[in-house]
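Tertiary structure, described
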Amino acid sequence: TPSIKGPKTKKQKKNTPYILFIGQLAFATTADGLFNHIQHKIGKDERTGKELITPETLKVRLLTDSKKKDRSRGMAFVETNDPELS
């Protein structure tokens, strides 16, 4: 028997995250400090003047020491859904 398909819809764009690994960070590095550094280095959109890096466009996951929660392990993962930022 033939299968019945519903109405055709546009393919939805997948939001595949782009994950970057950053190593060799100082143990004193914080997630906020790393976020601010990336935001400063990438800057603003030349046409609109808007910040390209916001908490909605970039997520920083800093790996911390299991014994000392306030100390970085010197590594982080930075995640974005925008391929132009990766």
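Nothing here was measured: the structure is a model prediction, and the numbers come from that model.

1. Observations regarding the sheet that holds strand β3 (residues 72-80)
- Spatially, three strands are ordered β1-β3-β2 in an open sheet, and the strand pairing comes out antiparallel. Taken across any chain shown, the strands that pair with only one partner, and hence form the sheet edges, are β1 (18-22) and β2 (59-64). Averaged over neighbouring strand pairs, the angle between their axes works out to 20° when direction is ignored.
- Against the sheet, helix α1 (residues 31-42) engages β1, β2 and β3, with an angle of about 140° to β2.

2. Some points on the packing of aromatic side chains
- The full count for this structure, using the stated rule, is one aromatic pair.
- Sitting over the face of the ring of F27, R71 holds its NZ or CZ atom 4.2 Å from the ring centroid.

3. A closer look at the side chain of T29
- In this structure, T29 sits in the loop between β1 and α1.
- A polar atom in the side chain of T29 sits 2.8 Å from the backbone oxygen of A26.
- If we skip the residues at most four places from it in the chain, T29 touches L34, L62 and S72.

4. Observations concerning the pairing of β3
- Direction of pairing for β1 relative to β3: antiparallel, over a ladder of five bridges. Within the sheet, the bridge partner assigned to Y18 lies in β3 and is T80.
- Examined bridge by bridge, β2 and β3 share five bridges and lie antiparallel to one another. Note on β3: the bridge partner recorded for T64 is S72.

5. Here we look at the pattern of salt bridges
- Overall, the coordinates contain two salt bridges when judged by the stated rule.
- In this structure, D45 engages R47 in a salt bridge whose closest nitrogen and oxygen atoms are separated by 4.0 Å.
- Classification of R47 by relative accessible area gives exposed; the value is 76%.
- In this structure, R61 and E79 form a salt bridge, with 3.7 Å as the shortest nitrogen-oxygen distance. Highlighted residues: R61 in strand β2 and E79 in strand β3, separated in sequence by 18 residues.
- Judged by its relative accessible area of 34%, R61 is partly exposed.

Basis of the calculations
- Residues numbered from 1 in each chain as written.
- Predicted model: local features only at pLDDT ≥ 70, side-chain atom pairs only at ≥ 80, totals over all residues.
- Heavy atoms only, no water.
- Pairing = 2+ DSSP bridges.
- Helix = DSSP H or I, 4+ residues; strand = E, 2+ residues; numbered from the N terminus.
- Axes fitted to C-alpha atoms, helices over the stretch in contact; angles between N-to-C directions.
- Contact = heavy atoms within 4.5 Å.
- Phe/Tyr/Trp six-rings, centres within 6.5 Å; stacked < 30°, edge-to-face > 60°.
- Lys NZ or Arg CZ within 6 Å of the ring centre and 35° of its normal.
- Polar contact = N/O pair within 3.5 Å; in protein donor to acceptor, adjacent residues only side chain to side chain.
- Salt bridge = Lys/Arg side-chain N within 4 Å of Asp/Glu carboxyl O.
- Buried < 20%, exposed > 50% of the residue type's maximum accessible area, 1.4 Å probe, protein only.

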